[in-house]
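The residues making up each chain are set out below.
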Amino acid sequence: MVQQLGPNDQLAKFDIKSPFRIMPVNPGDFELLSIHFQGQYYFDKCLPFGCSISCSVFEKFSPFLQWHMLRQLPYRQLKHYLDDFLTVGRHGSGECEQNLGTCLTALSDLGVPIAHEKTVAPATCLILHNLEIDTANMKVRIPPGKVSALITTLLSSVPPILSSSANSRGTTIPTSRQPLDPLTREADRLLQVLLASNTWSTYQAGVEALRTFWTTYGIQKTWPVPLDNLVHFIAYLSKTGLAPSTLRTYISGTTFIIS
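Here's a quick rundown of the structure.

Definitions and limits used
- Residues numbered from 1 in each chain as written.
- Predicted model: local features only at pLDDT ≥ 70, side-chain atom pairs only at ≥ 80, totals over all residues.
- Heavy atoms only, no water.
- Helix = DSSP H or I, 4+ residues; strand = E, 2+ residues; numbered from the N terminus.
- Buried < 20%, exposed > 50% of the residue type's maximum accessible area, 1.4 Å probe, protein only.
- Contact = heavy atoms within 4.5 Å.
- Areas by Shrake-Rupley, 256 points an atom, 1.4 Å probe, with all protein chains shown as cover.
- Phe/Tyr/Trp six-rings, centres within 6.5 Å; stacked < 30°, edge-to-face > 60°.
- Salt bridge = Lys/Arg side-chain N within 4 Å of Asp/Glu carboxyl O.
- Pairing = 2+ DSSP bridges.
- Axes fitted to C-alpha atoms, helices over the stretch in contact; angles between N-to-C directions.

**Topic: the overall build of the protein chain**
Next up, step 1: For the protein chain, the count of helices and strands is 8 helices and 9 strands.
Next up, step 2: Considering the protein chain as a whole, with its 259 residues, one finds that 31% of them fall into the buried category.
Next up, step 3: Restricting the contact set of the protein chain to residue pairs at least 6 apart, pairs at least 24 apart contribute 59%.
Next up, step 4: Accessible area for the protein chain stands at about 16500 Å²; split by element, carbon and sulfur atoms hold 56% of it.

Structural data, given as structure tokens:
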């Protein structure tokens, strides 16, 4: 539905309030949701939040709500994910406003509570399931706040790297320079022994991505990687469209090899 939108088309969303609490539990299952406390028995008569089957059970009811609202919509544009509903309309047509009003009225008539504080009136940009949908620029992106939080989390996981002067304190440095090739080969061997082959391959991919970043932006290759380089590298990975989990793994691999 969103892919069919044109520039500056309108978006609106609304949520059901405490959706699981409108789902009654069969009395035959009360014993499965009961506790005994101070000589008394207590049981939940509605679907509890956090139960492993709550989402699955509610999703059997949610399509009925969508069908009920669609029957009354003048412009049949409505999608849902569990208790979250999204409707759209063409720019300047008033369709989105009419759809939103009709949906809210239809739910109220059924006695379904609405989380009005989460309702978003027609706009060209809104956040749905942690993604920002922007019809003005025809883009779907991760909200800036989420990106900042991810960068902060990743940076907080980077282990502190001691300065070379601290590492060399109390160490006798040979006066004659020795070739580093044998030590490089030994370091590579140790890294491969320490990690499973799949993990090592993924970490190597992260380091290769770092080298590509350096080359692309003409940055001098420096080990250990300066903090500002690392921040820009994280932003670079994000702009390439990598999943947050892959991005986190690449950063872990880079910091592991640095360490």
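**Side note on the packing of aromatic side chains**
Next up, step 1: For the structure on display, the rule yields 12 aromatic pairs.
Next up, step 2: Taking the centre distance of 4.6 Å and the plane angle of 20° together, the rings of phenylalanine 30 and phenylalanine 43 count as stacked. With phenylalanine 30 in the loop between strand S1 (10-15) and strand S2 (34-37) and phenylalanine 43 in strand S3 (residues 40-43), this pair connects stretches of sequence that are 13 residues apart.
Next up, step 3: Judged by relative accessible area, which is 43%, phenylalanine 43 ranks as partly exposed.
Next up, step 4: Both rings, one in phenylalanine 233 and one in tyrosine 236, keep their centres 6.5 Å apart while their planes meet at 25°; by these two values the pair is stacked. With a gap of 3 residues between them, phenylalanine 233 and tyrosine 236 both fall in helix H7 (residues 227-239), about one helical turn apart.

**A short note on the pattern of salt bridges**
Next up, step 1: Scanning the entire structure with this criterion turns up 5 salt bridges.
Next up, step 2: Between arginine 90 and glutamate 95 there is a salt bridge, with the nearest N and O atoms lying 2.3 Å from each other.
Next up, step 3: Measuring nitrogen to oxygen at the nearest pair gives 2.8 Å for the salt bridge that ties arginine 211 to glutamate 208. Taken as a pair, arginine 211 and glutamate 208 lie in helix H6 (residues 197-216) at a separation of 3 residues, close to a single helical turn.

**Here we look at the sheet that holds strand S7 (residues 125-128)**
Next up, step 1: Spatially, S7-S8-S9 is the arrangement adopted by the 3 strands of the open sheet, whose pairing is antiparallel. Single-partner strands in this sheet number two, and they are S7 and strand S9 (139-141). Within the sheet, the average angular offset between the axes of one strand and its neighbour, ignoring direction, is 20°.
Next up, step 2: Relative to S9, strand S8 (residues 131-134) runs antiparallel, the two being bridged by 3 bridges. Bridging from a neighbouring strand, glutamate 132 pairs with arginine 141 of S9.

**Re the environment of lysine 118**
Next up, step 1: Topologically, lysine 118 is positioned in the loop between helix H2 (95-110) and strand S6 (120-123).
Next up, step 2: Residue classification places lysine 118 among the partly exposed positions, given a relative accessible area of 45%.
Next up, step 3: Lysine 118 sits 103 residues away from aspartate 15 along the chain, and the two C-alpha atoms are 6.4 Å apart.
Next up, step 4: If near-sequence neighbours (up to four positions away) are discounted, lysine 118 is found in contact with Lys13 and Asp15.

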